[in-house]
Amino acid sequence: FKNHKVETKRLEAVEQMGAAISHEIRNPLTAALGFVQLLENDQLNEEERELYLSILKQELHSAENVIQDYLTFSDPNIEKEKFDLIQEVTNVVHSLKPHAQKNEIRIITVLPKNVIIEGDRQKLRQCLMNIMKNALEAMENGGLLKVKVILHYSTVTIRIKDTGPGMTKEQIERIGEPYYSTKGDRGTGLGLMVVFSIIRAMNGTIHAESEVGKGTVFEISLPTIPSDIEIRTMSNIYI
Ligand code: ADP
Ligand code: MG
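Every chain's residues receive numbers from 1 upward, in the order its sequence appears when written. Here the convention is simple: chains get letters from A, ligands get numbers from 1, in the order in which they are written. Reporting of local features is limited, given that this is a predicted model, to residues whose pLDDT is at least 70; pairs of side-chain atoms are given and counted only at 80 or more, and all residues count toward the totals for whole chains, interfaces and linings. As a rule here, side-chain values cover all heavy atoms of the structure and leave hydrogens and water aside.

Participant: Describe the packing of aromatic side chains, with residues and values.
Facilitator: To pair, rings of Phe, Tyr and Trp, with the six-membered ring standing in for Trp, must have centres within 6.5 Å; the planes then decide the type, stacked if under 30 degrees apart, edge-to-face if over 60, and tilted in the middle. Here the structure, examined in full by the defined rule, presents one aromatic pair. For the ring pair phenylalanine 35 and tyrosine 52, a centre distance of 5.7 Å and an interplane angle of 55° mean the geometry is tilted. With a gap of 17 residues between them, phenylalanine 35 in helix 1 (residues 17-39) and tyrosine 52 in helix 2 (residues 46-70) connect regions that are remote in the sequence. Overall, the relative accessible area of 17% leaves tyrosine 52 in the buried class. The helix count covers DSSP runs of H or I at least four residues long, the strand count covers runs of E at least two residues long, and both are numbered beginning at the N terminus. Partly exposed describes any residue whose relative accessible area lies between the buried limit of under 20% and the exposed limit of over 50%, with all areas from a 1.4 Å probe on protein chains only and scaled to the type maximum.

The structure is reproduced here in structure tokens:
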């Protein structure tokens, strides 16, 4: 993944997002309501009914996707709690297993036993979910998702790698831009915007590398809290 490297530092205008998001939800809901009204007509033939129902379902899915990608984001406060990062990674991987199985995607995790960090558990969960969901959605025809957590001295890195179609230089430069999506009606273009802004708020960094035809890797690094032993050693030095 040497080509197309980008360090993402984009996040302007995130404040106005709330208003924009409710707009994004209102549109498909209004459309859905319209189709419900059409369906109230009992003169419809089977074909029309099926068509309206499928559009209705699609519109509701769009609204749900916006909420899913944006879930914890509307709350600007970052909680500070200590939690085990590994547990969160494991939970997210578990919740995505049915989606992966349906698309013949294998998931491999390489995780240390536990890694305590301080930050917002819910929001971090949302980040992991948004990145892994993208990876699964990219591998429509199967593949491999590898999730690895690497512990360094004062930081921990979460590496999420897929064998999907990858992104071009132009595409990778645009990720995280509000509403940038290549998925048409199935995308919101909000997932990575939310990710970048949360990671920044948690004093972390995020990098993405991608190569067309090979896949994509996202790397999130977050500060760890020193373990008890390190704290003791440090205080010994200063005594
Ligand atoms: P959405 O998933 O709704 O399209 P995101 O902000 O989550 O919005 O992602 C933006 C775009 O970035 C996607 O539409 C896709 O083009 C690209 N992308 C993100 N992750 C990957 C990935 N793992 N592989 C290929 N393309 C990706
Ligand atoms: Mg997404």
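That shown, we press on.
Participant: Describe the pattern of salt bridges, listing the residues and the values that go with them.
Facilitator: Salt bridges are identified by distance alone: a Lys or Arg side-chain nitrogen within 4 Å of an Asp or Glu carboxyl oxygen. Under the counting rule described, the total for this entry stands at 10 salt bridges. Arginine 121 is paired through a salt bridge with glutamate 81; the nearest N and O atoms lie 3.9 Å apart. Residue arginine 121 is located in helix 4 (residues 121-138), and its partner glutamate 81 is located in strand 2 (residues 81-84); the two are separated by 40 residues in the primary sequence. The class of arginine 121 is partly exposed, set by a relative accessible area of 26%. Overall, glutamate 81 belongs to the partly exposed group, its relative accessible area being 29%.

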